Amino acid sequence: TAQNPNSTAYGIGQFVDSTWEIVGCTKTNKGSIQIDCMVIYIKNKYRTPQKALEFWKKQKPHWY
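Draft legend 1. Up close: the packing of aromatic side chains. With the rule as written, the count across this model stands at four aromatic pairs. Taking 5.2 Å as the distance between ring centres and 70 degrees as the angle between the ring planes, the aromatic pair formed by Phe-15 and Trp-20 counts as edge-to-face. On the basis of relative accessible area, Phe-15 is assigned to the buried category, the value being 7%. On the basis of an interplanar angle of 55 degrees and a centroid distance of 5.7 Å, the ring pair of Phe-15 and Tyr-41 is categorised as tilted. Here Tyr-41 lies in helix 2 (residues 31–45) and Phe-15 lies in the segment before helix 1 (17–22), a separation of 26 residues in the sequence. Every member of this aromatic cluster is reached through a ring pair, and the members are Phe-15, Trp-20, Tyr-41, Tyr-46 and Phe-55.

Here's what the structure looks like:
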């Protein structure tokens, strides 16, 4: 139930409202569903978790 007080970012993946819509998920407090939605997002945007990590490592500064 992690909620960013400054935006609509919510949950384990801190999806904003538009990201929930992009992956075809409904905002939920169920962690298992949030993780399933995160997997969909990674597959759609990066194809694999490894490619997502490679992208993240190239960012300067890292955002997390």
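Alright, that's what it looks like, and here's the rest.
Draft legend 2. Just the side chain of Thr-28, in detail. Along the chain, the position of Thr-28 falls in the loop between helix 1 and helix 2. Apart from the residues lying within four places of it in its own chain, the contact partners of Thr-28 are Tyr-10, Trp-20, Ile-33 and Gln-34.

Draft legend 3. Main features of the nonpolar core. Within the largest apolar cluster, six residues are counted, these being Tyr-10, Phe-15, Trp-20, Val-23, Cys-25 and Cys-37. Beyond its immediate chain neighbours, meaning those up to four positions away, Cys-37 contacts Phe-15, Trp-20, Val-23 and Cys-25.

Cut-offs applied
- Residues numbered from 1 in each chain as written.
- Predicted model: local features only at pLDDT ≥ 70, side-chain atom pairs only at ≥ 80, totals over all residues.
- Heavy atoms only, no water.
- Phe/Tyr/Trp six-rings, centres within 6.5 Å; stacked < 30°, edge-to-face > 60°.
- Buried < 20%, exposed > 50% of the residue type's maximum accessible area, 1.4 Å probe, protein only.
- Helix = DSSP H or I, 4+ residues; strand = E, 2+ residues; numbered from the N terminus.
- Contact = heavy atoms within 4.5 Å.
- Core = buried A, V, L, I, M, F, W, Y, C linked by side-chain atoms within 4.5 Å.

The values reported here are purely geometric and, on their own, carry no functional implication.
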